[in-house]
Protein chains: 2
Amino acid sequence: MQVGIIGIGLIGGSMAIDLKKRGFADRIVGVENNHLHAAAAVEIGLVDEVVSLDECVAQSDIIVVATPVNVAIRLIPEILDKVDTQIVTDVCSTKEKINEIVHYHPKRKNFVASHPMAGTEYSGPWAALPGLFDGRAGIICNAEDSDLRAVEMIKKMYDCLNMRIIFMRAAHHDVHTAYVSHISHITSFALALTVLEKEKNEKNIFDLASGGFSSTVRLAKSNADMWAPIFSQNKENVLTVLDTYIEKLQEFKKHIAEYDENGVKELIHNANKIKRIIR
Amino acid sequence: MQVGIIGIGLIGGSMAIDLKKRGFADRIVGVENNHLHAAAAVEIGLVDEVVSLDECVAQSDIIVVATPVNVAIRLIPEILDKVDTQIVTDVCSTKEKINEIVHYHPKRKNFVASHPMAGTEYSGPWAALPGLFDGRAGIICNAEDSDLRAVEMIKKMYDCLNMRIIFMRAAHHDVHTAYVSHISHITSFALALTVLEKEKNEKNIFDLASGGFSSTVRLAKSNADMWAPIFSQNKENVLTVLDTYIEKLQEFKKHIAEYDENGVKELIHNANKIKRIIR
């Protein structure tokens, strides 16, 4: 089995490591426009070879599109134009726009829309990690639009990555990821901007930042080229959640401004219920 | 040396563990109004004995006030009324109000205002951990208002906890902690409230929550009785930072609503500068 990975960054590179090591793929080729990333991917040993897009599509049994979502939405139809029996999947954080764009493609059945829910705040081939996907959710969207054979193959690939496979409508996926992933990136970016603007003396941030701050602001290190297109493609959901989030902050503001400690405590008690859900 | 700890929770209990184990204290007594916490502190072995406030003050060389800030502000003057040569310190997250309230106390020089910047999102004696303070910042505020002997003793205590000691004005402390600690608790509480309100199906939160969300929302598990009084005592600073934070979110909202990916990228690039400061 040959797997072709388009975009050898954190996600593509981490998939490459485990798919090869665990025997799912005999050979992995990569497509990477960034010359430095391409050379690093070979040097680190993430892929056997970096090839052109056409070579990758011609040679591979499975083609994984692991680029930012704005590139993926352009590439996926192009790749489907070239495939015969090859299976194409993507790993993007938004699914509805991608599904719309391929919906009437004659090779739609060769495509499986997926999203392995794992990552770190780092990017590029040097961020790739073994075991990144172990135990996490592997989402497959609108599976009924794909060939059964294609879905089974992608399931097998995610099984090899030790993912818990969940089937979902693309529209639902985008709503849920707005809540549990996209919004927390915006809250972290905004926190970093706030602290950087206010704290002119950087030594104080470093000295006084306890573990809590580092953990809350961690996602603010995330990559702009990846995240800006996600917010565009999931605009309506992201803006809805952002409005609710700002309302909650306004509630805190009001109670704090009025020295209403009971009001603040009630908000915190309700927030504490997240304990039931998150370890 | 006997150390008396008033409030045997996460902070008081963690101090007790290391001060005893590392030989700073021969005996540690605790004062704890919550009967369950008192019994647990003895059972776990955090303190040698739970005693009354009067016994604690009479017997101890150093008295550490490790209660929520609203209790501390009432207790510290009461304790100073009772001391002879004993040294009193507190571990509270706000320092200005506490310093104001003891400023003209005849025993002001026996008091050292301090804040060991460490913690977790858990509370109570069962949350106490060895090594919690290792390498973190131990702040001492307005040291010139305290006896040199008292400051030296508290420095020695934080040395034993492996803390990096930083001297600071109480007013500056409260500004900086609003930026790097208090605001990140509010952003996490608000995130938890948002997600809990929007996600009616809790299984989806659990399934789709990647590591990023858990890390961003972690502080939302924090204790209401501890945090509500902190926001009151640091009201002005907290509200100022909160306003800036909401402005940053509005900037994201505007750019996302206009599909202005370059605007979003510029915000993210600026936020990424937090990398220089936080590991």
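Predicted, not measured: the structure shown is a model, and the values here were computed from it. (Residues numbered from 1 in each chain as written. Chains lettered and ligands numbered in written order. Predicted model: local features only at pLDDT ≥ 70, side-chain atom pairs only at ≥ 80, totals over all residues. Heavy atoms only, no water.)

A.B. asks: I keep staring at the sheet that holds strand E8 (residues 164-168) of chain B and nothing clicks. Help me out?
C.D. replies: The pairing of strands in a sheet happens through backbone hydrogen bonds and is either parallel or antiparallel. Residues and elements named next belong to chain B. Ordered by their spatial adjacency, 8 strands build an open sheet running E3-E2-E1-E4-E5-E6-E7-E8, and the pairing between neighbours is mixed. Strand pairing shows two members of the sheet lacking a second neighbour, strand E3 (49-50) and E8, which therefore form its edges. Across 3 bridges, the pairing between strand E5 (residues 87-90) and strand E6 (residues 111-116) is parallel. Bridge pairing links Val 88 to Phe 111 in E6. Here helix H1 (residues 10-21) sits on the sheet in contact with strand E1 (2-6), strand E2 (27-31), strand E4 (62-65) and E6, set at roughly 165° to E1. (Pairing = 2+ DSSP bridges. Helix = DSSP H or I, 4+ residues; strand = E, 2+ residues; numbered from the N terminus. Contact = heavy atoms within 4.5 Å. Axes fitted to C-alpha atoms, helices over the stretch in contact; angles between N-to-C directions.)

A.B. asks: Mind showing me how you'd approach the environment of Val 175 of chain A here?
C.D. replies: Along the chain, Val 175 of chain A falls in helix H7 (residues 170-198). Spatially, the C-alpha atoms of Val 175 of chain A and Phe 24 of chain A are 32 Å apart, while their sequence positions differ by 151 residues.

A.B. asks: Help me out: how do you make sense of the interface of chain B and chain A in this one?
C.D. replies: When the parts come together, some accessible area is lost, and that loss is often what is quoted as the size of the interface. Each partner contributes residues to the interface: chain B has 90 residues there, and chain A has 90 residues. When chain B packs against chain A, close to 8800 Å² is buried across both sides, 69% of that on carbon and sulfur atoms. Together, Leu 208, Lys 221 and Ile 277 of chain B form the three largest contributors to the area buried by chain B at its contact with chain A, with a combined 8%. On the surface where chain B and chain A come into contact, there are 6 salt bridges. Close ionic contact of Lys 253 of chain B with Asp 243 of chain A constitutes a salt bridge, the shortest N to O distance being 2.7 Å. (Buried area = accessible area lost by both parts, 1.4 Å probe. Salt bridge = Lys/Arg side-chain N within 4 Å of Asp/Glu carboxyl O.)

A.B. asks: So what exactly am I meant to see when it comes to the relation of the copies chain B and chain A here?
C.D. replies: One copy of the chain maps onto the second through a rotation about an axis and a displacement along it. Rotating chain B by 180° about the axis while translating it 0.0 Å along that axis superimposes it on chain A, leaving an RMSD of 0.0 Å. Taken together, the rotation and translation relating the two chain copies correspond to the operation of a two-fold axis. For chain B, the minimum C-alpha distance to the rotation axis belongs to Thr 216 of chain B and amounts to 2.1 Å. The overlap is high: 100% of the interface residues of chain B also sit at the interface in chain A, so the same surface is used on both sides. (Least-squares fit on C-alpha atoms with pLDDT ≥ 70 in both.)

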